[in-house]
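Reading the structure
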Amino acid sequence: MKLPVYMDSHSTTPVDPRALEAMLPYFAEKFGNAASRNHSFGWEAEQAVESARAQIARLIHADPKEIVFTSGATESDNLALKGVVEMYREKGDHLITAVTEHRAVLDTARRLEKQGIQVTYLPVGEDGRVDPDAVREAITERTILISIMLANNEIGTINPAAEIGRIAKERGVLFHCDATQGVGKIPVDVEAMGIDLMSFTSHKMYGPKGVGALYVRKKNPRVRLAPLFDGGGHERGMRSGTLPVPLIVGFGKACEIAGAVMTEESARLARFRDKMLHTIMETLGEVYLNGHPTERLPHNLNLSFAYVEGESLLMGMKEIALSSGSACTSASLEPSYVLKAMGRGADLAHSSIRFGLGRFNTEEEVDYVIGRVIETVRRLREMSPLYEMAREGIDLKTVNWKVD
Amino acid sequence: MAYSEKVIDHYNNPRNMGSLDKSDPQVGTGIVGAPECGDVMKLQIKVGPDGVIEDAKFKTFGCGSAIASSSLATEWLKGKNVEEARQIKNTDIVEELCLPPVKIHCSVLAEDAIKAALSDYQKKHQESETAQAVEAKA
């Protein structure tokens, strides 16, 4: 086993060697501009792009013409929200989203609010799920867009997207779904789920960084978007700019592979995840699962370890690449807004670790991580005044903490 | 984030980690911070009859810099008298551990913990002196 162990797949994933191999000819040899109509270099590039577009569309049950290439999910989210608001401003001025969305959606919504758009930020349950009834109740005559993510990047909770899609259809409101963490990991069908716009990105699914897509429905209804950039009118006028052909080829190949291996891969990673969950919980005690127990991404595990602060826990396991919900590194001292929105006390939010399993993790690595987590939590609990107080029978919630 | 070598050393080899008997009249205990803020430090000193701190212990819930700040504080406290101990400033800890701006609050917390432990000791000490004085009168 090679150290360090990578277990942070919600952050990014390595390029699958098969995707890399597919990309390589398109850097120097087949370098044409896909928009060049007058020579074979351009035709060759265009053909590669269209073939990738078809691979991507197939994975999400869309028509290739409904795929708009972007630089990644952040741009896709921006394009979806800003593009719809600008295009449908006459129809209404109200958006619905949720408090646990990614910053690319939340901060875009905040900017739109400054421009006079009304935004409803729906709360989530303690499992991190958006309630479809709450979506239904939030819809007004002025609502033009619902933007709810498929799966959360921190806690892995999967939202009832199909139900939300059905409600959106009933009320004639567009539904944008940020599916960055879900595409390539769980089955996604834009038809069955009633999705009108969907953001996703290549590098979370073993493709290269720097390319993503926005699915834009072409019929029932035909969604129109104002572009973010002015320029050559690429991507049906929705996203000007020369297409990054090698990246798109890698993205396409990554989607093809994901479609082929998804069933086997998700079962294997879910087994690893459950092994980690049960072994760690049973051995240590006072470990809490964040997110939904079953409606969650197969490769996501998010745990809070009582009496231990997340960042110090990561520091003790330097040879494992993980992520913490503690924000001790930021000046705000605010822990994860996702965990807080779920009603997790700030103390447990500070104590959370996100494990993101991936295609290349082995069982040996999983066992290693389990061992190191147990060892480090034990060591830090011995060092923790909170653990000592709890063992003396003091209820930490009744302590009058002096906060300056 | 990258930690300084000194922070890593204190984290890996904490000095004086543990607890003293808080009911001992010679022991001063300071607990500062709050779990909601992600930092809680417990710092204890044991003062000898000559007024010199003969032992110091800490327990900390918090990031590596918080652990290092309290570990360093116990090292510095030992051998100082109460007045000297009061002179330890958070800026000295920042300098010694090369803490970045986002971690300065860890050093502030350590200084608060020192002050809290000293106050607790002095309060107890005065109480026991008063008690002795009352006993002597009677």
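Residues numbered from 1 in each chain as written. Chains lettered and ligands numbered in written order. Predicted model: local features only at pLDDT ≥ 70, side-chain atom pairs only at ≥ 80, totals over all residues. Heavy atoms only, no water.

Examining the packing of aromatic side chains
Each aromatic ring pair is described using two quantities: the centre-to-centre distance and the angle formed by the ring planes. Under the criterion given, the structure shown has five aromatic pairs over all chains. Between Phe-31 of chain A and Phe-41 of chain A, the aromatic rings sit 5.4 Å apart at their centres with planes inclined by 40°, giving tilted as the arrangement. A residue pair is termed long-range when its members are at least 10 positions apart, and Phe-31 of chain A in the loop between α2 (25-28) and α3 (40-59) and Phe-41 of chain A in helix α3 qualify at 10 residues. The exposure class assigned to Phe-31 of chain A is exposed, which follows from its relative accessible area of 51%. When the ring centre of Tyr-206 of chain A is taken as origin, the NZ or CZ atom of Arg-359 of chain A, which lies over that ring, is 4.0 Å away. Cation over ring: Arg-379 of chain A sits above Tyr-11 of chain B, and NZ or CZ is 4.8 Å from the ring centre. (Phe/Tyr/Trp six-rings, centres within 6.5 Å; stacked < 30°, edge-to-face > 60°. Helix = DSSP H or I, 4+ residues; strand = E, 2+ residues; numbered from the N terminus. Buried < 20%, exposed > 50% of the residue type's maximum accessible area, 1.4 Å probe, protein only. Lys NZ or Arg CZ within 6 Å of the ring centre and 35° of its normal.)

Quick word on the domain arrangement of chain A
Residue and element names in this part refer to chain A. With domains assigned, chain A is organised as domain 1 (5-10 + 262-391) and domain 2 (17-257). Using only C-alpha atoms to locate each centre, domain 1 and domain 2 end up separated by 29 Å. Of the residues lining the interface, 24 residues belong to domain 1; the matching set on domain 2 comes to 32 residues. Summing both partners gives a buried area of about 2,400 Å² for domain 1 against domain 2, and 56% of it is carried by carbon and sulfur. Taken together, the connections running from domain 1 to domain 2 amount to one salt bridge. The shortest N-O distance in the salt bridge between Arg-129 and Glu-295 comes to 3.7 Å. Seen at the junction of domain 1 and domain 2, the total is 13 residue pairs in polar contact (both at pLDDT 80 or more). Listed by contribution, the elements that provide at least two residues to the side of domain 1 that touches domain 2 are α8 (245-284), β10 (300-305) and α10 (337-341). If you tally residues by element for the side of domain 1 that touches domain 2, the top one is α10, at four residues. Its residues placed into classes, the side of domain 1 that touches domain 2 shows nine nonpolar, 10 polar and five charged. (Domains from an automatic or database assignment. Contact = heavy atoms within 4.5 Å. Buried area = accessible area lost by both parts, 1.4 Å probe. Salt bridge = Lys/Arg side-chain N within 4 Å of Asp/Glu carboxyl O. Polar contact = N/O pair within 3.5 Å; in protein donor to acceptor, adjacent residues only side chain to side chain. Nonpolar A, V, L, I, M, F, W, Y, C, P; charged D, E, K, R; others polar.)

Things to note about the side chain of Glu-309 of chain A
With respect to the helices, strands and loops of the structure, Glu-309 of chain A is situated in the loop between β10 and α9 (310-315). Among the polar contacts made by the side chain of Glu-309 of chain A, one reaches the main-chain amide nitrogen of Cys-63 of chain B at a distance of 3.3 Å.

A word on the interface of chain B and chain A
Note on interface size: it is often stated as the accessible area lost on association of the parts. Taken together, the 31 residues of chain B in the interface contact 32 residues of chain A. For the pairing of chain B and chain A, the buried interface totals around 2,600 Å² over both sides, and the portion due to carbon and sulfur atoms is 63%. Considering only the side of chain B, the residues that lose the most area to chain A are Tyr-11, Lys-59 and Phe-61 of chain B, jointly responsible for 26% of the buried surface there. Where chain B touches chain A, the interface holds four salt bridges. Here Lys-22 of chain B and Glu-392 of chain A are joined by a salt bridge, their closest N and O atoms 3.3 Å apart. At the junction of chain B and chain A, the tally comes to 15 residue pairs in polar contact (both at pLDDT 80 or more). Among the elements of the structure, α1 (5-12), β1 (27-34), β2 (39-47), β3 (53-61), α2 (64-77) and α5 (104-137) of chain B are those that each provide at least two residues to the side of chain B that touches chain A.

Remarks on the pattern of salt bridges
Tallied over the full model, the rule gives 35 salt bridges over all chains. Taking the shortest distance from any N to any O, the salt bridge between Arg-136 of chain A and Asp-133 of chain A comes out at 4.0 Å. On the criterion of helical spacing, the pair formed by Arg-136 of chain A and Asp-133 of chain A is a turn pair, its members being three residues apart in helix α6 (residues 132-138). On the basis of relative accessibility, which here comes to 34%, the residue Arg-136 of chain A falls in the partly exposed class. Ionic pairing is found between Arg-15 of chain B and Asp-9 of chain B, a salt bridge with its closest N-O pair at 2.7 Å.

What to know about the nonpolar core
Counting 63 residues, the largest nonpolar core has Met-7, Met-276, Ile-280, Phe-305 and Phe-355 of chain A together with Ile-45 and Leu-77 of chain B as its most contacted members. When residues in this core are grouped by element, the largest group, eight residues, is from α5 of chain B. Sequence-distant contacts of Ile-280 of chain A, defined by excluding residues within four places in its chain, comprise Gly-285, Val-287, Leu-303, Phe-305, Ile-370, Val-373 and Ile-374 of chain A. In terms of nonpolar packing, the next biggest core, distinct from the first, is built from 62 residues, Ala-168, Tyr-215, Ala-258 and Met-342 of chain A among them. (Core = buried A, V, L, I, M, F, W, Y, C linked by side-chain atoms within 4.5 Å.)

A word on a nonpolar patch on the surface
Residues and elements named next belong to chain A. Taken together, the side chains of Val-15, Leu-20, Leu-24 and Phe-27 define a hydrophobic patch exposed on the protein surface, amounting to about 350 Å² of accessible area. Here Leu-20 lies in helix α1 (residues 17-23). With relative accessibility at 40%, the residue Leu-20 sits in the partly exposed group. (Patch = residues over 30% accessible without salt bridge, like charges linked within 9 Å, V, L, I, M, F, W, Y side chains within 5 Å. Areas by Shrake-Rupley, 256 points an atom, 1.4 Å probe, with all protein chains shown as cover.)

A short note on the packing of α2 of chain B against helix α4 (residues 90-97) of chain B
Residues and elements named next belong to chain B. Contact geometry of α2 with α4 gives a least axis separation of 10 Å together with a crossing angle of 110°. When the axes of α2 and α4 are compared, the pair comes out roughly perpendicular. Side by side, α2 and α4 meet where Ala-68, Ser-69, Leu-72 and Trp-76 of the first sit next to Asp-92, Ile-93, Glu-96 and Leu-97 of the second. In the contact of α2 with α4, the residues fall into five nonpolar, one polar and two charged. (Axes fitted to C-alpha atoms, helices over the stretch in contact; angles between N-to-C directions. Parallel < 35°, antiparallel > 145°, perpendicular 65-115°, else oblique.)

Examining a positive patch on the surface
Residues and elements named next belong to chain A. On the surface, Lys-65, Lys-218, Lys-219, Arg-222, Arg-224 and Arg-236 cluster together to form a positively charged patch. Position of Lys-218 among the secondary structure elements: in the loop between β8 (212-216) and α8. Look at Lys-218 and you get partly exposed, because its relative accessible area is 30%. (Lys, Arg positive; Asp, Glu negative; His and termini not counted. Charge placed at Lys NZ, Arg CZ, Asp CG, Glu CD.)

Some details on the sheet that holds β2 of chain B
Strand-to-strand pairing in sheets goes through backbone hydrogen bonds, with the strands running parallel or antiparallel. Residues and elements named next belong to chain B. Taken in spatial order, the three strands line up as β1-β2-β3 in an open sheet, and their pairing is antiparallel. Only two strands of the sheet have a single partner each, and these edge strands are β1 and β3. Averaged over all pairs of adjacent strands, the angle between strand axes in this sheet comes to 10°, irrespective of strand direction. Sheet analysis places β1 next to β2, joined by eight bridges and oriented antiparallel. In the strand pairing of β2, Ile-31 is matched with Lys-42. (Pairing = 2+ DSSP bridges.)

Overview of the pairing of β3 of chain B
Residue and element names in this part refer to chain B. Pairing between β2 and β3: eight bridges, direction antiparallel. Paired with Ile-45 across the strands is Ala-56, a residue of β3. Linking β2 to β3, which pair antiparallel, is a turn of five residues; within it Gly-51 sits at a positive phi near 80°.

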